[in-house]
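Structure assessment
Here's the letter readout for the chains.
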Amino acid sequence: MSYRQIIADGIWQQNTGLVVLLGLCPLLAVSATVINAIGLGLATTLTLVCSNLAVSLSRRFLRPEIRIPAFVLIIASVVTVIQLLMQAWFHDLYRILGIFIPLIVTNCAIIGRAEAFASRNAAMPSAIDGLATGLGFLLALVALGAFREIAGYGTLLRQASLMFGDWGESMQLTLIPDHPGFLLALLPPGAFIALGLLIAGRNWLDAKLEGRRKQSVRQSNLTFDKAAAE
Amino acid sequence: MRNILKSAAALGFVAVIGTSLLTGVDALTADRIAAQERRVILEQLGQIIPREYDNSLLEDRMVFSDENHFPKGQLVTAYRARLNNKPVAVVLKFNAVSGYNGKIALLAGINFDGTLRGVRVISHKETPGLGDAIEVEKSNWINDFEGKSLKKPESSLWAVKRDGGSFDQFTGATITPRAVVDAVKLALEYFETNRQFLFEAAADSSGSSAP
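Report follows, based on the coordinates. (Residues numbered from 1 in each chain as written. Chains lettered and ligands numbered in written order. Predicted model: local features only at pLDDT ≥ 70, side-chain atom pairs only at ≥ 80, totals over all residues. Heavy atoms only, no water.)

What about the side chain of Lys148(B)?
Residue and element names in this part refer to chain B.
- Locating Lys-148 in the fold gives a position in the loop between strand E5 (116-123) and helix H2 (175-200).
- For the buried Lys-148, no salt bridge exists, and the shortest N-O distance to an oppositely charged side chain is 5.1 Å, to Asp-144.
- Reaching out from Lys-148, the side chain makes a polar contact with the backbone oxygen of Asp-144 at a distance of 3.0 Å.
- What Lys-148 contacts, discounting residues up to four positions off in sequence, is Gly-114, Thr-115, Leu-116, Pro-153, Trp-158 and Phe-167. (Helix = DSSP H or I, 4+ residues; strand = E, 2+ residues; numbered from the N terminus. Buried < 20%, exposed > 50% of the residue type's maximum accessible area, 1.4 Å probe, protein only. Lys, Arg positive; Asp, Glu negative; His and termini not counted. Salt bridge = Lys/Arg side-chain N within 4 Å of Asp/Glu carboxyl O. Polar contact = N/O pair within 3.5 Å; in protein donor to acceptor, adjacent residues only side chain to side chain. Contact = heavy atoms within 4.5 Å.)

Written out as structure tokens, the structure is:
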């Protein structure tokens, strides 16, 4: 499989959040604002890269019967390391994301990639796969977060100081001044509705791209036929 | 048999690597994490008692429990502020459990004379947009407590307006402010009867709760 294919799969074709629908619990719970979404998305991406890399490097000596427990050990260690690092350097963000950082362990997407990809491929493609899958998840989170934050608060990047320090104070964009606040968007039902719309949007876009691809194939076949006829 | 042993050894090896990695990172970050936690609690305490004390709030703290005034089975932390060894105020960290959704963690600063210096919500899971007006970032409501005491307003008025008291509730949300008002009132009553103990009990730096 080419790197190009791995990246396209992770980000678009097999997007964890929007196509495979794995890891929905954090996706829905932590996407009320863009900053929360970026925080969890980056932590998940880092976890995926590290765990894929570790699984791939140890794949030769992990026999099938102990593979799954070994993956769980590896993933749990990686997540705990990330949790400690976040607690030390991004403490305020950590306090907001709270339980969802340790819960990255239970994101099925991570053990899914370990089993389906990293345990069968070399280190480099596995790391790329982790990165692409993570970025796909990050993008889904950020899209959902942006949608909900605009609908719910009328802003983008509020509380950016949690991630960027004092420098982040000025990053907030107020798109709808005097927004009265739209509660539904911030509550769990709003997360489900927004996710549904997002999946529908992705499918629509995908169908459109597919249609265009088919058309161009047909056209090139036509020219080919013509050429053959001549 | 041989294969089983091999597998066990491999799994054990993974566990050893994972554990040593964690031990290493923990050793590297422990000091910084402790400093961050101290910073957070000091910032919160600083909102209530900005100055006027010369002791270390984090070291002069005490943990206790009291089922009549605080939720059963939960520990309350008292941070004592003193100036020249004279008691100035105490900040109690406790939970209100009768909110709409889970615990509301509160800090209440009480002057030595029994007046409230201020109340802050540290964490809660109340409904965003309705119950979250208890946060100081969202509304001024919590500042209403400043200067109040058990005599001002009198005991029967320590309730939200819906219950015939003198504290505002929010449009569409009565349960959350009611929980906070009730919990603060109970904390004041505890202070009234246990003031001596609160200031004189030995500091408990071992503490079973967070710093």
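Next comes the rest of the write-up.
A word on the pairing of strand E2 (residues 76-83) of chain B
All names here are of chain B.
- The element E2 is largely enclosed, with a buried count of 7 among its 8 residues.
- As defined by bridge partners, strand E1 (residues 61-64) adjoins E2 across 4 bridges and the pair is classed as antiparallel. Bridging from a neighbouring strand, Phe-64 pairs with Val-76 of E2.
- The sheet contact formed by E2 and strand E3 (residues 86-96) spans 7 bridges and is antiparallel. Each residue of the ladder has a partner; that of Leu-83, found in E3, is Lys-86. (Pairing = 2+ DSSP bridges.)

Quick notes on the packing of helix H5 (residues 64-89) of chain A against helix H1 (residues 2-48) of chain B
- Interhelical geometry of H5(A) versus H1(B) gives an angle of 10 degrees and a closest axis separation of 8 Å. Relative to H1(B), the element H5(A) lies roughly parallel.
- Here the contact of H5(A) with H1(B) is composed, by residue class, of 18 nonpolar, 7 polar and 4 charged. (Axes fitted to C-alpha atoms, helices over the stretch in contact; angles between N-to-C directions. Parallel < 35°, antiparallel > 145°, perpendicular 65-115°, else oblique. Nonpolar A, V, L, I, M, F, W, Y, C, P; charged D, E, K, R; others polar.)

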